[in-house]
Amino acid sequence: SISPQSGSISSSGLYASQTGLTSQQTVTVTAKSVADPTKTASAVVTVNPGVATKLAFTLQPVDAVQNTTMPTVRVGIDDQFGNLVTNATNTVTVAIGTNPGSGVLTGGTTGVLASGEVSFNALSISQAGNGYTLVATSSGLTNATSSAFNVLPASVKQWTGAVSADWSSAGNWTPSGAPTASDDV
C-alpha cells in the first residue's frame with residue numbers, strides 16, 4: 001500500500017503516480033506478506049518528477065479582436081509523462097503557427113518560467129482570421145501547438161462581462177464601448 005494514496009506499485013515494485021507529480025513527494029510504501037498477512041514491512045521513499053521534455057499550453061488562447069490584447073495564454077513545461085515540472089526556469093517564446101489572416105503577433109512573446117509555467121498577458125494579433133494557432137518553443141524541448149482560435153475584425157464588439165452584467169456598460173465590451181445598431185456583435 002502507499003500513503004498518501006497518490007499512486008500505485010506494480011507487482012514488479014514499480015511506483016507510478018496516477019495524479020501527476022508536480023513536485024517532490026515523500027510516500028510510505030508498505031508491503032504485506034501474502035502467506036502471512038500479519039507480516040508487513042514499510043519504507044519512506046522520495047519520488048521526484050521527471051526531467052523537462054516538452055511544452056504544453058495550460059491555458060489555451062480563445063477568440064479575440066484584432067489589435068486588442070488577448071486573454072491570458074499560459075504555457076507549462078512537462079516531463080515525459082505529462083507532469084508539470086515546477087522547478088523548470090527555461091525561456092519560452094510564442095509565435096503564430098497557423099496564420100489565416102497574415103497577422104503579426106505582438107506584446108511580449110518571450111517569457112521565463114516561474115513554478116513551471118509562464119503567462120503571456122499582452123499578446124495581440126494585427127489581422128482578423130479564423131483558425132489561428134500559436135506555437136510555443138524553448139531550446140531542447142518539444143514544441144507545443146495551441147488549439148485553434150479566431151481573431152475578429154475590430155468592428156465586431158465582443159461581450160466580456162468584465163465590469164458587470166449590464167449590457168450597456170462600455171467596460172463590458174471589447175473594443176470598449178457598448179454596441180450600437182451599426183456594430184456587429
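So, here is what we can say about the structure in this document. Everything quoted here is computed from the prediction, not taken from an experiment.

Rules of the game
- Residues numbered from 1 in each chain as written.
- Predicted model: local features only at pLDDT ≥ 70, side-chain atom pairs only at ≥ 80, totals over all residues.
- Heavy atoms only, no water.
- Pairing = 2+ DSSP bridges.
- Helix = DSSP H or I, 4+ residues; strand = E, 2+ residues; numbered from the N terminus.
- Axes fitted to C-alpha atoms, helices over the stretch in contact; angles between N-to-C directions.
- Buried < 20%, exposed > 50% of the residue type's maximum accessible area, 1.4 Å probe, protein only.

1. As for the sheet that holds strand β17 (residues 149-152)
So, step 1. Read across the open sheet, the 3 strands follow the order β7-β17-β14; overall the sheet is mixed. Taken across any chain shown, the strands that pair with only one partner, and hence form the sheet edges, are β7 (64-65) and β14 (129-132).
So, step 2. Examined bridge by bridge, β14 and β17 share 3 bridges and lie antiparallel to one another. The residue bridging G129 from the neighbouring strand is V151, located in β17.

2. Some remarks on the sheet that holds strand β8 (residues 73-78)
So, step 1. An order of β6-β8-β12 is seen for the 3 strands of this open sheet, with the pairing classed as antiparallel. Edge strands, defined here as strands with exactly one partner in the open sheet, are β6 (54-59) and β12 (117-120). Neighbour-to-neighbour, the strand axes of this sheet turn through a mean angle of 25°, independent of strand direction.
So, step 2. Pairing of β6 with β8, which is carried by 5 bridges, proceeds in the antiparallel orientation. Bridged to L59 within β8 is R74.

3. Here's the deal with the pairing of β12
So, step 1. Along β12, the buried face is formed by V118 and F120; none of E117 and S119, which line the opposite face, is buried.
So, step 2. Relative to β12, β8 is paired through 4 bridges, and the arrangement is antiparallel. Among the inter-strand pairings, V75 is bridged to a residue of β12, identified as V118.

4. Concerning unusual backbone geometry
So, step 1. A positive phi angle, close to 60°, is found at N67, a residue other than glycine.
So, step 2. Structurally, the position occupied by N67 is in the loop between β7 and β8.
So, step 3. One non-glycine residue, S115, lies in positive phi territory at about 55°.
So, step 4. On the secondary structure map, S115 appears in the loop between β11 (110-112) and β12.
So, step 5. Among the residues examined, S115 registers a relative accessible area of 53% and is labelled exposed.

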